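Residues per chain are reported as follows:
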Amino acid sequence: MSDEIISERLWTGDYYNEGTGRSDIFDTLKEECGVFGVFGHPEAASLSYYGLHALQHRGEESAGICVSNGEEFNYHRGMGLVKEVFDRDKLMSLRGERSIGHVRYSTSGDSRLTNAQPLVFKYRDGDLAVATNGNIVNAPQIRRELEQSGSIFQTTSDTEVIAHLIARSPKDFVEAAKDALQRLVGGFAFLLMTNDKLIVASDPNGLRPLTMAKLGDAYLFSSETCAFEVVGAQSIRDILPGELLVLDGNGLHEDRYTAPQRKALCAMEYIYFSRPDSDLNGSNLHAARKRMGQMMAQESFVDADVVTGVPDSSISAAIGYAEQTGIPYELGLIKNKYTGRTFIQPSQELREQGVKMKLSAVRRVVEGKRVVMIDDSIVRGTTSRRIVNLLRDAGATEVHVRITSPPFKNPCFYGIDTPDRAELIASYKTIDEIRREINADSLEFLSPEGLIQAVGGDNASDYKGGLCMACFDNDYPTRTSFEGEEKFGCSC
Ligand code: SF4
């Protein structure tokens, strides 16, 4: 890829938007979405607000909350961050004891308000609201079938297919939801709400995280446990693959809509996406990332003066690498989180300068030093090269790059926005060629075995440690193509 093309991408209108995600200037992967549900609490909307705020890193494009008081829905959705979409008056208008909420980042549906979730529908049995995280691989096929038999879709979001499948079923809501979920292939976590019920469901492989907590008598559901901490709820457990929970006036009913298949929770949740204060499958993310750094040190030690991590997601791993090797950990790179919003188009000469508005090397830390730079992944290679060059410009004498994941070679079908395979540098270059491309003195990746061992957790003894590693090894846990249609990105 030429520098021209790379530079063009840097200076889109989103470049300086605070709130367009960690990926705005970097070619790193983009998060999917986050969901948060409440059943049985008079402050359901406020809890959802705080929960979604804690999940903001999973989607910064739009936010929404739908509340049921048992008779009718009240909802509000908007483009932007949770704090921008909701104010006190809007939250006060959302009265009810059950709610579902959503933060969205999307690639497959358009970026517009009609696709913001929760999606809300009227159907023959009343109101239906849907919030999801993930991607339905066979959604285009189902959508085409439904359209051919008369369905009219309101959105371009794939999530709408489940609402149509439920609405067209002659069965009651729970049975209709089970039938609908059985038709879906992909990685998804669903919250489905009617006036009197909340259904919580996970895909048969448990690809996307979904977890449950209690707050007094209320049940809470979230993509990550960090959202429970914020509202003082007690984590109970993760939702199991193929599981379906029904909450209504009779309380919580544990059920399933299909048999569980190979457990395959997204490995990138551990490596990059989830917050370090979240727990997944019995593993704390900060601790797991530290172990990744320790494993990396055991597999690929290099003598150096300082270890630094690319903020924010690689700091835990850098601490682990430093602890294991005895090389001091230093803050060699600082992220500026307050770049704010500007649409000033810079001159060509200032374009390279742009990266420094987001990330700075600390000259006094790295000058004259041999630096080990820990990062979580290499996608196209452009980001890594820029960061290595930042360190060199600040006086680092050597830069050794250690990546706490195996080489990222394959696209994701389950809700992570990845470029085409042809743009993934590890799919067409050797490790030494990548090293030269990113201008590093040495480059090593964590082995798949090292990653599985570092993640540990409740599924450590399962096949591949209960992880999906398809973007590294091409071993997808589901079918990925239907009638020749391959679909990438996030449909939520
Ligand atoms: S393919 Fe990669 S990014 Fe996608 S779910 Fe699997 S591990 Fe996660």
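Residues numbered from 1 in each chain as written. Predicted model: local features only at pLDDT ≥ 70, side-chain atom pairs only at ≥ 80, totals over all residues. Heavy atoms only, no water.

Observations concerning the site of the ligand
Neighbouring the ligand are L207, R208, C266, A267, M268, C412, Y414, I416, C468, A470 and C471. If you list the elements that add at least two residues to the shell around the ligand, you get α9 (267-273) and α17 (470-473). (Near = heavy atom within 4 Å. Helix = DSSP H or I, 4+ residues; strand = E, 2+ residues; numbered from the N terminus.)

Describing the sheet that holds strand β10 (residues 218-222)
Strand pairing in a sheet relies on backbone hydrogen bonds. The paired strands run either parallel or antiparallel. Within the open sheet, the seven strands sit side by side as β3-β2-β4-β1-β10-β9-β11. Their pairing is antiparallel. This sheet does not close on itself; its edge strands, each paired only once, are β3 (73-79) and β11 (234-238). Going across the sheet, the axis of each strand differs from the next one's by a mean of 15°, ignoring polarity. With seven bridges joining them, strand β1 (residues 33-39) and strand β4 (residues 98-104) adopt antiparallel strand pairing. Counterpart to C33 in the pairing with β4 is R104. Seen against the sheet, helix α2 (residues 44-54) touches β1, β2 (62-68), β4 and β9 (211-215) and runs at an angle of roughly 155° to β1. (Pairing = 2+ DSSP bridges. Axes fitted to C-alpha atoms, helices over the stretch in contact; angles between N-to-C directions. Contact = heavy atoms within 4.5 Å.)

Description of the UniProt feature "binding site: Mg(2+)" (unreviewed entry) in the chain
The UniProt entry lists S313, D375 and D376 under the feature "binding site: Mg(2+)" (unreviewed entry), expressed in the numbering used here. Spanning 64 residues, the named residues nonetheless gather at one spot, since no C-alpha pair among them exceeds 7.9 Å. In this structure S313 comes out as buried when scored by relative accessible area, which is 8%. A polar atom in the side chain of S313 sits 2.4 Å from the side chain of D376. Tracing the chain through its elements places D375 in strand β20 (residues 370-375). Not counting the four nearest positions on each side in its chain, D375 is found in contact with V310, S314, I387, R402, I403 and T404. A polar side-chain atom of D375 sits 3.3 Å from a polar atom in the side chain of S314. (UniProt positions renumbered as here; feature names shortened; annotations may be inferred. Buried < 20%, exposed > 50% of the residue type's maximum accessible area, 1.4 Å probe, protein only. Polar contact = N/O pair within 3.5 Å; in protein donor to acceptor, adjacent residues only side chain to side chain.)

Details of the pairing of β1
A large share of β1 lies buried, amounting to seven of its seven residues. The side-chain alternation of β1 yields two buried faces, one formed by C33, V35, G37 and F39 and the other by G34, F36 and V38.

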